Amino acid sequence: MAPKTLFSNPITLFKLFGFAVRIDASWIFIALLVVWALAAGFFPHRQPDLSQETYWLMGVIGALGLFASIIFHELWHSLVARRFDLPMTGITLFLFGGMAEMDEEPQRPMAEFAMAIAGPIASIVIGAVFYLIYSWGGDYLPVPLTEVLWYLAFINWVLAAFNLIPAYPLDGGRILRSALWRWKGDLSWATHKAANFGAGFGLVLILLGVVHLLAGNLVGGIWHAILGLFLRSAAQMSYQQVLMQESFEDVPVLQLIKQPPVTVSPQISIQELIDDYVYSYHFKMFPVVEGDRLLGCVTTRAVKEIPREQWSTTRVDSIIVDCAQTHAVDPHTPVTKALNHMKKNDLSRLMVVEDGRVKGIVSLKDILKAFSTRRELEE
Ligand SMILES: [Zn+2]
């Protein structure tokens, strides 16, 4: 499980129980690596006298099985999270497996514990199912099939074991955090401790990677190093997110807005908009206001649709978009909600609107600045 900020542009594959299953571009590379490692190393090592084609076929089926196993693991995180009313955005497969993505952190230690442990339990169970079919079907099923079954049993248990390492944000780290949280009742302290464990374990992996590299194992070395770096940054990012949540828990966006907002009149031309607003403020979106009523927004994206030679003859009101849902929030919205909204819609500025009037603008930059000031004071 992880905050969704870790991914840039995942591709959606399909929907499962209402969760979008996505794949990060990195996974395509990993999938090829897995097929190769299985077909050229793992299976020939266990069963030396099968044909090359059989090994590759086993490699492909094994990789698909691994892929399904990871989805199964993440699906159980998501299903349990849903039981606790946590909004889940989907499941993304990436470098080291999968991530069930959350918009919000769990509210209670028990919810976190149940969500975190659901994935490893699912992996242990599905691994046991593969193992039972392997051992019961051993005498009847063809050897390549039983070998793939054995691999899937093994890999699911590895998946469970790895995820149970108490290094936040791995599942085990979340379990650790929920226990610490329950014990002291302090989420940020618990996260700090669990994230330290995660960062420390990441460092161990990086060092292991260096040892592998020195021993001439290039793939193993790079693999460990990337995994270690990833864990360290994920631990840090998750901790920052919790701190931010805490700093801004009860702060409404109203407190962070800049007044008065820069607004645009619907009567000016696009050329004037470019010269007087876009080039002087460098914003991508401006509220269009008549009197003090908000009519909508004008965005640089919409401007690009209009041919340059028509800019001086076209008025802003002809390219206004309705942005009340996407680009606006209520003044009493908590800052953390506004941040989530920005992330989800890939925006850096939101209008703060009340009763059809723009009260101000809240920007990502201002939120981050306010966050660091608050941190300095609190430390
Ligand atoms: Zn997990």
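Residues numbered from 1 in each chain as written. Predicted model: local features only at pLDDT ≥ 70, side-chain atom pairs only at ≥ 80, totals over all residues. Heavy atoms only, no water.

K.L.:
Any chance you could explain the overall build of the chain here in plain terms?
P.N.:
A tally of regular secondary structure across the chain gives 11 helices and 10 strands. When the backbone C-alpha atoms are referred to their principal axes, the chain occupies close to 80 × 55 × 45 Å. A total of 379 residues make up the chain; the buried ones form 48% of that total. In the chain, of all internal contacts separated by at least 6 residues, the share reaching a separation of at least 24 is 64%. Surface summary for the chain: the accessible area is close to 19,500 Å², and the carbon and sulfur share equals 61%. Side chains of the chain carry 30 positive and 34 negative charges; the gap between the two charge centres is 3 Å. (Helix = DSSP H or I, 4+ residues; strand = E, 2+ residues; numbered from the N terminus. Buried < 20%, exposed > 50% of the residue type's maximum accessible area, 1.4 Å probe, protein only. Contact = heavy atoms within 4.5 Å. Areas by Shrake-Rupley, 256 points an atom, 1.4 Å probe, with all protein chains shown as cover. Lys, Arg positive; Asp, Glu negative; His and termini not counted. Charge placed at Lys NZ, Arg CZ, Asp CG, Glu CD.)

K.L.:
Sorry if this is basic, but what is going on with the confidence of the model for the chain here?
P.N.:
In low-pLDDT segments, the atomic positions of the prediction should not be examined closely. Overall, the prediction assigns the chain a mean pLDDT of 84, with 94% of residues at 70 or greater. Confidence, expressed as mean pLDDT per element, reaches its minimum in the chain at strand 1 (residues 2–3) with 44 and its maximum at helix 3 (residues 109–137) with 93. The model gives residues 1–7 a pLDDT under 50, and that stretch makes 32 contacts with residues more than four places away or in other chains. (pLDDT = per-residue confidence, 0-100.)

K.L.:
Where do I start with the sheet that holds strand 10 (residues 357–363) in this structure?
P.N.:
Strand pairing in a sheet relies on backbone hydrogen bonds. The paired strands run either parallel or antiparallel. Taking strand neighbours across the sheet as the criterion, the 3 strands line up as 8-9-10 in an open arrangement whose pairing is mixed. Of all the strands in the sheet, just strand 8 (328–329) and strand 10 have a single pairing partner and so form its edges. Contacting strand 9 (349–354) and strand 10, helix 10 (residues 335–345) runs over the sheet at an angle of about 130 degrees to strand 9. (Pairing = 2+ DSSP bridges. Axes fitted to C-alpha atoms, helices over the stretch in contact; angles between N-to-C directions.)

K.L.:
What is the right way to look at the UniProt feature "domain: CBS" (unreviewed entry) in the chain in this model?
P.N.:
The sites that carry the UniProt feature "domain: CBS" (unreviewed entry) are, in the present numbering, residues 256–313 and 320–379. In residues 256–313, the share of helix is 29% and the share of strand is 22%. The end C-alpha atoms are 37 Å apart. (UniProt positions renumbered as here; feature names shortened; annotations may be inferred.)

K.L.:
What should I look at first to understand helix 7 (residues 218–247) in this one?
P.N.:
Residue pairs spaced three or four apart in an α-helix point in one direction, given the helix's 3.6 residues per turn. Between its first and last C-alpha atoms helix 7 spans 43 Å; for 30 residues at 1.5 Å apiece the expected length is 44 Å, and the two agree. Between the side-chain oxygen at the start of helix 7 and the backbone nitrogen of Gly220 there is a gap of 2.9 Å, and the oxygen is on Asn217. (Expected span 1.5 Å × (residues − 1). Polar contact = N/O pair within 3.5 Å; in protein donor to acceptor, adjacent residues only side chain to side chain.)

K.L.:
Help me understand the domain arrangement of the chain, please; the structure alone is not making it clear to me.
P.N.:
Accessible area lost upon the coming together of the parts serves often as the stated size of an interface. Here the domain parsing of the chain yields domain 1 (2–247) and domain 2 (253–378). In this assembly, 10 residues from domain 1 lie in contact with 10 residues from domain 2. The contact between domain 1 and domain 2 buries some 940 Å² in all, and 60% of this surface belongs to carbon and sulfur atoms. At the junction of domain 1 and domain 2, the tally comes to 0 salt bridges. Looking at the side of domain 1 that touches domain 2 residue by residue, the classes come out as 2 nonpolar, 5 polar and 3 charged. (Domains from an automatic or database assignment. Buried area = accessible area lost by both parts, 1.4 Å probe. Salt bridge = Lys/Arg side-chain N within 4 Å of Asp/Glu carboxyl O. Nonpolar A, V, L, I, M, F, W, Y, C, P; charged D, E, K, R; others polar.)

K.L.:
Sorry, what's going on with the pairing of strand 6 (residues 285–290) here?
P.N.:
Residues in a regular strand point their side chains to alternate faces of the sheet. Counting buried positions along strand 6 gives 5 out of 6 residues, so the element sits mostly inside the fold. Taken together, the 6 bridges between strand 6 and strand 7 (residues 293–299) define a ladder with antiparallel strand orientation. Paired with Met285 across the two strands is Thr299, which belongs to strand 7.

K.L.:
Looking at this structure, how should I read the UniProt feature "transmembrane region" (unreviewed entry) in the chain?
P.N.:
Those residues carrying the UniProt feature "transmembrane region" (unreviewed entry) are residues 25–43, 55–72, 113–136, 148–168 and 194–215 in this numbering. Helix and strand shares over residues 55–72 are 100% and 0% respectively, and the end C-alpha atoms of the span are 25 Å apart. For the annotated span residues 148–168, helix accounts for 76% and strand for 0% of the residues, and the straight-line distance between the end C-alpha atoms is 31 Å.

K.L.:
For this particular structure, what's the right way to read the nonpolar core?
P.N.:
In summary, soluble globular proteins display a tendency toward joint burial of nonpolar side chains. Core analysis: the largest hydrophobic core is formed by 27 residues, its most contacted members being Trp27, Val34, Phe43 and Tyr151. Elements with a contribution of two residues or more to this core: strand 3 (19–23), helix 1 (25–46), helix 2 (52–83), helix 3 and helix 4 (143–163). With 8 residues, helix 1 is the largest single contributor of residues to this core. Contacts of Tyr151, omitting those with residues within four sequence positions, involve Val34, Leu38, Phe42, Phe43, Gly62 and Leu66. Among the nonpolar cores identified, the runner-up in size contains 24 residues, and Val251, Leu350, Val362 and Phe371 belong to it. (Core = buried A, V, L, I, M, F, W, Y, C linked by side-chain atoms within 4.5 Å.)

K.L.:
Got a minute to help me understand the packing of helix 3 against helix 4 in this structure?
P.N.:
Helix-helix packing is characterised by the crossing angle of the two axes and by the distance between the axes. Here helix 3 crosses helix 4 at 160 degrees, and the two axes come no closer than 8 Å. Accordingly, the angle class assigned to the pair helix 3 and helix 4 is roughly antiparallel. The interaxial crossing formed by helix 3 with helix 4 has left-handed handedness. On helix 4, the residues touching Pro120, Ser123, Ile124, Ile126, Gly127, Ala128, Phe130, Tyr131, Ile133, Tyr134 and Gly137 of helix 3 are Thr146, Leu149, Trp150, Leu152, Ala153, Asn156, Trp157, Leu159, Ala160 and Asn163. When the residues that make up the contact of helix 3 with helix 4 are grouped by side-chain class, the tally is 15 nonpolar, 6 polar and no charged. (Parallel < 35°, antiparallel > 145°, perpendicular 65-115°, else oblique. Left-handed = near helix turned anticlockwise from the far one by under 90°.)

K.L.:
Would you mind going over the coordination of the zinc ion with me for this structure?
P.N.:
For a metal bound by four donors in tetrahedral geometry, the ideal donor-metal-donor angle is 109.5 degrees, whereas six donors in octahedral geometry ideally sit at 90 or 180 degrees. Bound to the zinc ion on the protein side are His73 (NE2), His77 (NE2), Asp171 (OD) and Asp171 (OD), at distances that span 2.0 to 2.7 Å. For the zinc ion, the 4 donor atoms in the first shell make angles of 54 to 152 degrees at the metal, so the coordination geometry reads as irregular. For His77, a relative accessible area of 0% translates into the label buried. (Donors = N, O, S within 2.8 Å, 3.2 Å for Na, K, Ca; no water. Tetrahedral: all angles 85-135°; square planar, octahedral: opposite > 155°, others 65-115°.)

K.L.:
I tried to follow the packing of aromatic side chains on my own but got confused; where do I start?
P.N.:
Aromatic rings considered in pairs are described by the distance between their centres and by the relative angle of their planes. Throughout the structure, instances matching the rule amount to 15 aromatic pairs. Judged by centre distance (6.1 Å) and plane angle (25 degrees), the rings of Phe42 and Phe154 are stacked. One end of the pair, Phe42, is in helix 1; the other, Phe154, is in helix 4, with 112 residues separating them in the sequence. A relative accessible area of 22% places Phe42 in the partly exposed class. Its relative accessible area of 33% is what places Phe154 among the partly exposed residues. Site record: aromatic cluster; members linked through ring pairs are Phe42, Phe43, Trp150, Tyr151 and Phe154. Stacked on the ring of Trp150, the Lys or Arg Arg46 has its end atom at 3.8 Å from the ring centre. Positioned above the aromatic ring of Trp183, the side-chain terminus of Lys184 is 5.1 Å from the ring centre. (Phe/Tyr/Trp six-rings, centres within 6.5 Å; stacked < 30°, edge-to-face > 60°. Lys NZ or Arg CZ within 6 Å of the ring centre and 35° of its normal.)

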